[in-house]
Amino acid sequence: MTQPDQQPIISISHIAKVYEMGDEQVHALRDVSLTIGANEYIALMGPSGSGKSTLMNMLGCLDTPSSGTYLFNGENVSDLNDDELAEIRNREIGFVFQTFNLLPRATALQNVELPLVYAGIAKAKRIEMAEQSLTHVGLDDRMDHKPNELSGGQRQRVAIARALVTNPSIILADEPTGNLDSKTGQDIMNLFNELWRAGNTVILVTHEEDIARHAHRIVRMRDGLIESDEANTKPLT
Amino acid sequence: MNVSESIWIALDAVRSQKMRSSLTLLSIGIGVFAIIASTGITGTLQNALTGQLADLGENSFLIQRTPTIQFGNSWRKYRKRPNISLEQANEFKERMTLTNLISVSNTSPGFTIKSGLESTNPDVSLIGIDEMYFLVNAPMLRDGRPVTEQDVALISNVALVGTDVVKSLFSDGKSLGRSITIKNQEFTIVGELEPKGGVLGQSQDNRVLVPISVYVKYYTPWWDASVDISVKSIAKEAQPATMDEAIGAMRLIRECKPWDENNFELDGNEAIGGQFANLSVAILAVAWISGIGALAAAGIGIMNMMLVSVQERTREIGVRKALGAKRKWIVRQFLVESVTLCQLGGLTGVIGGIGTTWLVSYYLQQSMPNLQFEIPWFAVVFSVVVCTMIGIGFGLYPAYKAAGLDPIEALRHE
C-alpha cells in the first residue's frame, strides 16, 4: 500500500500491551506490526475484546506499548511522557469520537478553536483557521451555535472540523456514525470519502461491515493479534 | 479565550450549585467583610478621635478614679478603688501650687429635662461643674453667665443649657431666666452654651450644666459617686512637673502607702489616644483572626467544590487532553476557576465591608463634622491577595488531580 519512495506515517513493529488486573496479566495486544502510509483509508475492525480499542489508543498516542516500537513520521513515540504525547496528539492526530465530545458551553467556533489554543496559535489566526475548517464541513452558517442547538450530524461535522483544523497527519475516527441514524451516517461517511480524496489519511475504527466497506484497506483484529490485513478492491464511494 | 472561558465555567458552577456555592462564597465574604469593616471603622474613628482630642488642648490632663477607656478584664483591678470625693477634689485644689487651672466636674447621662408642658428625651447629659470649668475646659458661653464660686458654695439651683436642650424645650429659642425641672428640682437658666458638635456619636450640645455641689447633693448616681478633676498646666513645658505634683498630691490625699500603686488614673490626651489605640488593636486582632479563620474554612469549601467540578467534568478533561492539552493547561484552567470563585466571594465581602464603613461614618458624621470617610485600601488589597492565595492554595490539589487523569479512562467516563 505504501509508496516505496515515501516514509510511512505510522510504523508499528511487534508491539504488545499487557495490563495488570490484580494478580492477573491481561494481554490486550500480543504481537502487532502495522505500517500505514500517507493518504491511506483504513478500517480497523474486530469484536470487543479483540484489542481493537487498545490498538486505536496506541495509534492515537493516548497510550504507549509495553514492548515493541512505534514510529510516528519516523519519531519514536513509545517512550514519550504525558506532555510529549499531548504535543504529538495536538500536532499529528485529529480525533473523531462516537459521542462527538464537544464542550457543551462553547460555540461551534470555540470548539474548533480548542486544539489551536493548545498549539499556542494567536487568537486572530485561530478564528480564521476555525472558520475555514467549519466552512469546509458545510457549517459556515452555524459557527455561533452551541452543541445543544445543533443536530447529531451537525455536531459530528463540528467534531470533524475540530479534527481537521490543525491539519494533522492522520484522522482517527472511533465509530463516527455509531450515534447517528443511517441517513446522517451516510452523509458523514461521504464527508470522510471527500477528506480522503483531498489527500488526508483516514483511520476508521468500527465494528460495522457497512461502514468499513468505505475504506480501501481493512485490518481485522482478534485476541490481540491482526487476523487479516486486506485491500478492499471495491470501496463504497 | 481560555482564561475567560474558565471564569465563565466558574460562574456557571456557582449558578448550577446555588446552595453549596453560596455557603462557600458567603464564608469567604464574611471573612473579607470582617477584615475590611473592622479596619475601616477603627481607622475612621481613630482619625476623628485624634482630631477631637486635639481640641481639648494639649496641656490638659484628667484625674479620674478609672481610665476613660477600659477593655478586657481590667475592671477587676479598678473596682476596688475608693471614690474621689468632692472634699478630696477641693483639698487637691488647695495643695496644687504649679497651676490653679483646676476644675472639678462629673457627668451622668440619661436625664429628662422639663419646662412647663415640654420635656426632652431621657438622653440629656447632666454635668456638675465648678467655677473653673470654663477656664480649664473648652466650652464657650453663647449667652448669660458661667457658674460662680458662690453658686457652688451656696448650692444654688442655677443651670446652663446646651443648644439641643433649648431646641427641645423652648420653641422661641429663648432660654435665659426661664426655669426647668430636673428630677423635681427647679432650676433657673443663667447661661446658654455655644454649640460644639459631638465625640463618638454623642452630641455635646444635649447637656445641662449645674454647680457641682448641686450635682453631688441631688444627682450623684450610685454607680459613679466619684468626681473627675481636670487640670490645665500653665504652659506645655510645665506639663510633666504639674503631672508629677498632681500625682504626689493625690497619693497624699488618698493615703496611698509608698508601696501602693496609684488608686486613681491620670490621663493626658496622649494617654486617652493610646488607650483608644490599644482598644482598636484588640478589635482588629479579633476581627482579623476570625476573618482569616473564616477564609481558611472557606478554602476547604472551595477545595470541595473544585473536586466535585473535576469529577463532573472528567470527560471534558479527557477530550481536552486528547486534543493536546498539556498538564499545565489543565492545572491553569482549574486554578483560574477556583481563584474566580474566591474573588467572587471576596467581592461581596469588599462591597459589604466598605458599605458598612461608609454607613458608620455617615452616622457618626451627624455629630462629628470633621470625620472623614476613608476606604481601608490596605485591607482591600490584603483581602484580594488572600482570596487569590486561597484560590490557588486550595485549588492546587483538585487541579493536579484533573491534570493527572488518564485520557483514556477520562474519555470513557460517563
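Residues numbered from 1 in each chain as written. Chains lettered and ligands numbered in written order. Predicted model: local features only at pLDDT ≥ 70, side-chain atom pairs only at ≥ 80, totals over all residues. Heavy atoms only, no water.

Q: Help me understand the overall build of chain B, please; the structure alone is not making it clear to me.
A: Summing up its helical and strand segments, chain B has 14 helices and 14 strands in all. Out of the 414 residues belonging to chain B, those deemed buried represent 49%. (Helix = DSSP H or I, 4+ residues; strand = E, 2+ residues; numbered from the N terminus. Buried < 20%, exposed > 50% of the residue type's maximum accessible area, 1.4 Å probe, protein only.)

Q: Could you clarify how one ought to interpret the packing of helix α5 (residues 152-164) of chain A against helix α6 (residues 182-197) of chain A in this entry?
A: A pair of packed helices is captured by two measures, namely the crossing angle of their axes and the spacing between those axes. Residues and elements named next belong to chain A. Between α5 and α6, whose axes approach to 10 Å, the crossing angle comes to 20 degrees. Comparing their axes, α6 and α5 come out roughly parallel. Considering the relative orientation of α5 and α6, their crossing is right-handed. Counted together, Gly 153, Gln 156, Arg 157, Ile 160 and Leu 164 of α5 and Thr 184, Asp 187, Ile 188, Leu 191, Phe 192 and Leu 195 of α6 form the full contact between these two elements. Looking at the contact of α5 with α6 residue by residue, the class counts come to six nonpolar, three polar and two charged. (Axes fitted to C-alpha atoms, helices over the stretch in contact; angles between N-to-C directions. Parallel < 35°, antiparallel > 145°, perpendicular 65-115°, else oblique. Left-handed = near helix turned anticlockwise from the far one by under 90°. Contact = heavy atoms within 4.5 Å. Nonpolar A, V, L, I, M, F, W, Y, C, P; charged D, E, K, R; others polar.)

Q: Which parts of the structure should I look at to understand the packing of aromatic side chains?
A: Aromatic ring pairs: the centre-centre distance and the angle between the two ring planes describe each pair. Under the defined criterion, the tally for this structure stands at 12 aromatic pairs over all chains. Ring centres of Tyr 118 of chain A and Trp 329 of chain B lie 5.2 Å apart, and the angle between their planes is 75 degrees; on these two criteria the pair is classed as edge-to-face. With Tyr 118 of chain A in helix α3 (residues 108-118) and Trp 329 of chain B in helix α12 (residues 327-365), this residue pair bridges two chains. Exposure remark for Tyr 118 of chain A: the relative accessible area of 9% places this residue in the buried category. Residue Trp 329 of chain B is classed as buried on the basis of its relative accessible area, which comes to 18%. Aromatic pair Phe 111 of chain B and Tyr 219 of chain B: ring centres 5.7 Å apart, planes at 90 degrees, arrangement edge-to-face. In this pair, Phe 111 of chain B sits in strand β2 (residues 102-111) while Tyr 219 of chain B sits in helix α8 (residues 212-219), placing the two residues 108 residues apart along the sequence. Neither Phe 111 of chain B nor Tyr 219 of chain B differs from the other in exposure class; each is buried. (Phe/Tyr/Trp six-rings, centres within 6.5 Å; stacked < 30°, edge-to-face > 60°.)

Q: How should empty space enclosed by the protein be read in this particular structure?
A: One pass over the full model with this rule turns up two cavities of 30 Å³ or more. In this structure, the largest cavity occupies an estimated 50 Å³ of space. In terms of lining residues, the largest cavity is bounded by Arg 89, Asn 90, Ile 93, Gly 94, Phe 95, Pro 115, Arg 162, Ala 163 and Thr 166 of chain A together with Leu 323 of chain B. Among the secondary structure elements, those contributing two or more residues to the lining of the largest cavity are α2 (82-92), β6 (93-96) and α5 of chain A. It is β6 of chain A that provides the largest number of residues to the lining of the largest cavity, a total of three residues. Partitioned by chemical class, the residues of the lining of the largest cavity number five nonpolar, three polar and two charged. (1 Å grid on protein atoms, 1.4 Å probe; cavity = no way out; pocket = protein on both sides within 12 Å on 5 of 7 lines; lining within 4 Å. Points joined across faces, edges and corners; volume = space filled by probe spheres on them.)

Q: Can you help me understand the interface of chain B and chain A in this one?
A: One widely used convention gives an interface's size as the accessible area the parts lose upon coming together. Between chain B and chain A, the residue contacts involve 21 residues of the former and 24 residues of the latter. The contact between chain B and chain A buries some 2,200 Å² in all, and 60% of this surface belongs to carbon and sulfur atoms. Counting every contact that joins chain B to chain A gives three salt bridges. Here Asp 82 of chain A ties to Arg 327 of chain B by a salt bridge, and the two come within 3.8 Å at their closest N and O atoms. In this structure, the connection of chain B to chain A is made through seven residue pairs in polar contact (both at pLDDT 80 or more). (Buried area = accessible area lost by both parts, 1.4 Å probe. Salt bridge = Lys/Arg side-chain N within 4 Å of Asp/Glu carboxyl O. Polar contact = N/O pair within 3.5 Å; in protein donor to acceptor, adjacent residues only side chain to side chain.)

Q: I tried to follow the sheet that holds strand β4 (residues 67-72) of chain A on my own but got confused; where do I start?
A: Two modes of strand pairing occur in sheets, parallel and antiparallel, and in both the strands are linked by backbone hydrogen bonds. All names here are of chain A. Taken in spatial order, the four strands line up as β2-β1-β4-β5 in an open sheet, and their pairing is antiparallel. What marks the edges here is a single partner per strand, and that holds for β2 (24-36) and β5 (75-76). Bridging between β4 and β5 involves two bridges; their strand directions are antiparallel. Looking at the pairing, Leu 71 lines up with Asn 76 of β5. Each of β1 (10-21), β2 and β4 is contacted by helix α1 (residues 52-59), which is oriented at about 120 degrees to β1, the strand it contacts most. (Pairing = 2+ DSSP bridges.)

Q: Quick question: what am I supposed to make of the layout of surface pockets here?
A: Space left empty within the atom packing is revealed by a probe, the size of a water molecule, rolled over the atoms. Quantified by volume, the second largest pocket comes out at close to 490 Å³. Taken together, 20 residues line the second largest pocket, and the ones lying closest to its centre are Met 56, Phe 97 and Asp 174 of chain A together with Leu 411 and Arg 412 of chain B. Breaking the lining of the second largest pocket down by element, the ones donating at least two residues are α1, β6 and β7 (170-174) of chain A together with α14 (407-412) of chain B. Among the elements that take part in the lining of the second largest pocket, α1 of chain A stands out by supplying four residues, more than any other. Here the residues of the lining of the second largest pocket sort into nine nonpolar, five polar and six charged.

Q: What exactly am I supposed to notice about the pattern of salt bridges here?
A: Pairs can form between side chains of opposite charge whenever their charged atoms are close. Under the definition given, this model contains 28 salt bridges over all chains. Here Asp 82 of chain A and Lys 321 of chain B are joined by a salt bridge, their closest N and O atoms 3.9 Å apart. Residue Asp 82 of chain A is found in helix α2, and its partner Lys 321 of chain B is found in helix α11 (residues 314-322); the two belong to separate chains. Given a relative accessible area of 4%, Lys 321 of chain B falls into the buried group. Residues Arg 126 of chain A and Glu 113 of chain A are paired through a salt bridge, measuring 2.9 Å at the closest nitrogen-oxygen approach. Here the residue Arg 126 of chain A occupies a position in helix α4 (residues 123-136), and Glu 113 of chain A occupies one in helix α3, the gap between them amounting to 13 residues.

Q: Looking at this model, I keep getting lost on the side chain of Thr 340 of chain B. Mind explaining?
A: All names here are of chain B. With respect to the helices and strands, the residue Thr 340 is situated in helix α12. Looking at Thr 340, the relative accessible area reads 14%, which means it is buried. Ignoring sequence-local partners within four residues, the contact set of Thr 340 consists of Ile 7, Ala 10 and Leu 11.

Q: Before we go on, may I ask you to explain the environment of Arg 20 of chain B in this structure?
A: All names here are of chain B. Mapping Arg 20 onto the fold places it in helix α2 (residues 18-55). Along the primary structure Arg 20 and Met 305 are separated by 285 residues, whereas in three dimensions their C-alpha atoms are 7.9 Å apart. Excluding residues within four positions of it along the chain, Arg 20 makes contact with Asn 304, Met 305 and Val 308.

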